[in-house]
Amino acid sequence: MTDTTNTWGTAEPKQEMATRQATEEVEMQRELGEMADPRVALLDPDDINIEKLSDETMIINMGPQHPSTHGVLRLMLELNGETVIRTKSVIGYLHTGMEKTAETLSFLQGGTNVTRMDYLSPLANELAFSLAVEALGEVEIPDRATWIRMLMVELNRLSSHLTWMATNGMDLAATSMMIYGFRERERILRFFEKTTGVRMNHNFIRPGGVAADLPSGWQDDVEDILAHTSSTLDDFDQLFTGQPIFRERTEGVGIIDAKTAIALSATGPILRAAGVPWDLRRTMPYLAYSEVDFDVVVGSQGDTFDRYAVRMGELRESVRIVSQIMDKMPGGDYKTQDKKITPPPRGRIDESMEALIHHFKLYTQGFSVPPGEVYVAVESPRGELGCYMVSDGTSRPYRMHTRAPSFVNLQALPTLLRGALIADAVAIVSSVDPVMGEVDR
Amino acid sequence: MNPEMYFPTRESYRQQMIELRDRQFQMCCDLCCVDYLTHPGRTLDDGIRPERFEIVVNVLNLDDPARARVRVQVPYPNPEIDSIYDIYPGVEAMEREAYDMFGIIFRGHPDLSRILMPDEWEGFPLRKDYDIGAVPVQFK
């Protein structure tokens, strides 16, 4: 339906960046990182000379096959020498229509779909999906299920941030960091494998509770993870925080202030690094986060170093939360006993006719929830992960929309990159921490 | 925590969003579209006629944590609505996604082009009358 031949007679489709003459003023502003929003001050014209002629600047393409773009992110940058003036991100290379797929899967199957969106924190996706289904169906879940969910999600935050530490180190040419980060993450993934059966894409958190109880001896495993992670965090601190080369490359690079971050709907470490103490675990508590003690880590400058420091602080806070969860883990069921929602134990099927019927009904038809619509948000490692779900009373969601934090955070790139050197672009993109599976869905 | 709900008309939608922004709902955290083609019955405010498309906007108050949700009806043969890009710049990508997936035209959007699908794609995939393809699989 869209016209592929553009008005300026080149082969560039509309999604891509066009020359200055061919770009309308409002789109140009957007790519320069300026906003029409009166709440946000326009960028200082003395800051960087944007009034360049087209033949003095160069539009270059970075990605999608670029090792530092964390997948298939494609950036089109207009450069003046080595300075970035305009940025446009081109996405969609990993789009697989997961929101459409979700409409064909029952509430029980939906978890397998959403877990593949943000593949570095699959449990957060499952949590948002399950909370939305439970809110629609008014399902009460037992205490132990809530705390198991919290344990798993916090461990997932650890593993996700550790991966970020690893890849961020790699992007800044600290190649050994890659090994250290992934080594620590592997420890957590091993625990996930023991608990859920798989290292990623768990489908562990399901509507009505979780798929299985924690394995016996889980305390030892988690204690081992916590002990190792805390000591490695001290190592990371030494390797990075005080290191002059790292500081030089990150301090004062890619600055975004609080007002701009809010206007651009950025959440997660980007918003907190800009100094806004907004963390859904604290400000709009879900699960049992109001019962654990933790601090919301904020930065002051909003630069790349602050985003690093915020994630570093969050790693330590997650370690604190996990150790509290271990002390407070209640006993009881790990899923609701409502047999209309969760399947009966395998052993019961041979003994009880009713269990057999429930089992059959659940796996052929699924359960249905009353018509309605709900928006549920959780704090994923990347920001606010929302799930908007509409039900028409059947066993499948009528519409499932995911508010993917990476997708929204990418909008901050023109502002972050404006005036930065092309070599710093890699560090800045890395500090936004986009997961392309989630951006493109 | 139930969010405040608003059901403006297409004409009063922009005014409603400006009011919300001035009432300290600083951040627009989500904007999406729903195609109600096969599920017409739903609870709306009095005097609001359900239409085929609905734009759902979630806004967030950061000072005094609260959410509000705005639902606007958009009729089918002419699915056009004002963009709120100049009120909440963060909706740029979300409005583009709604255009890409549902074909909603946002008047005043800086760059209304496909964002997830290829430029030359025909049709709007998340509409309910858009057929999903299937590949026959033979089980042996």
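Up top is the structure these notes are about.
Structure report, in brief. Computed from a prediction, not measured in an experiment: that's the story for all the values here. (Residues numbered from 1 in each chain as written. Chains lettered and ligands numbered in written order. Predicted model: local features only at pLDDT ≥ 70, side-chain atom pairs only at ≥ 80, totals over all residues. Heavy atoms only, no water.)

With that settled, the discussion passes to the pairing of strand β2 (residues 27–35) of chain B. All names here are of chain B. Taking burial as the measure, the nine residues of β2 include nine buried ones, the bulk of the element. Note that β2 and strand β3 (residues 53–61) share eight bridges and pair antiparallel. Bridge pairing in β3 links Cys33 to Ile55. (Buried < 20%, exposed > 50% of the residue type's maximum accessible area, 1.4 Å probe, protein only. Helix = DSSP H or I, 4+ residues; strand = E, 2+ residues; numbered from the N terminus. Pairing = 2+ DSSP bridges.)

This part covers the interface of chain B and chain A. Each side of the interface is counted separately: chain B has 64 residues, and chain A has 54 residues. The contact between chain B and chain A buries some 4,700 Å² in all, and 58% of this surface belongs to carbon and sulfur atoms. Summed over the shared surface of chain B and chain A, the number is six salt bridges. Ionic pairing is found between A:Glu384 and B:Arg67, a salt bridge with its closest N-O pair at 3.2 Å. The interface formed by chain B and chain A contains 20 residue pairs in polar contact (both at pLDDT 80 or more). At the level of secondary structure, the elements contributing two or more residues to the side of chain B that touches chain A comprise β2, β3, β4 (66–74) and α2 (92–102) of chain B. Top element by residues in the side of chain B that touches chain A is β2(B). It accounts for nine residues. A class-by-class count of the residues in the side of chain B that touches chain A yields 38 nonpolar, eight polar and 18 charged. (Contact = heavy atoms within 4.5 Å. Buried area = accessible area lost by both parts, 1.4 Å probe. Salt bridge = Lys/Arg side-chain N within 4 Å of Asp/Glu carboxyl O. Polar contact = N/O pair within 3.5 Å; in protein donor to acceptor, adjacent residues only side chain to side chain. Nonpolar A, V, L, I, M, F, W, Y, C, P; charged D, E, K, R; others polar.)

Pairing between the strands of a sheet is mediated by backbone hydrogen bonds and can be parallel or antiparallel. All names here are of chain A. Taken in spatial order, the three strands make up an open sheet running β6-β7-β8, and their pairing is antiparallel. Two strands close off the open sheet at either side, each with one partner strand: β6 (372–380) and β8 (397–403). Each adjacent strand pair in this sheet contributes to an overall mean axis angle of 15 degrees, direction not counted. Summarising the sheet, β6 and strand β7 (residues 383–391) pair through nine bridges and their orientation is antiparallel. If you follow Val378 over to β7, its bridge partner there is Leu385. (Axes fitted to C-alpha atoms, helices over the stretch in contact; angles between N-to-C directions.)

Residue and element names in this part refer to chain B. Strand order in the open sheet formed by four strands is β1-β4-β3-β2, and the pairing between neighbours is mixed. A single partner strand is all that each edge strand has here, and the edge strands are β1 (4–6) and β2. Adjacent strand axes in the sheet meet at a mean angle of 20 degrees when their direction is disregarded.

Residue and element names in this part refer to chain A. Most of strand β3 (residues 83–90) is tucked away: six of the eight residues are buried. Looking at chain direction, strand β2 (residues 74–80) and β3 are connected through seven bridges and run antiparallel. Bridging across to β3, Met76 finds its partner in Lys88. With antiparallel pairing between neighbouring strands as the criterion, β2 and β3 make up a hairpin whose turn holds two residues, including Gly81 at a positive phi of roughly 65 degrees.

Looking at the second largest pocket, its volume works out to about 440 Å³. Contributions of two or more residues to the lining of the second largest pocket are made by α2 (98–102) of chain A together with α2 of chain B. The dominant element in the lining of the second largest pocket, judged by the number of residues it contributes, is α2(A), at three residues. Here the lining of the second largest pocket is built from residues that sort into 15 nonpolar, six polar and nine charged. (1 Å grid on protein atoms, 1.4 Å probe; cavity = no way out; pocket = protein on both sides within 12 Å on 5 of 7 lines; lining within 4 Å. Points joined across faces, edges and corners; volume = space filled by probe spheres on them.)

Limitation: the analysis is restricted to geometry and does not speak to function.
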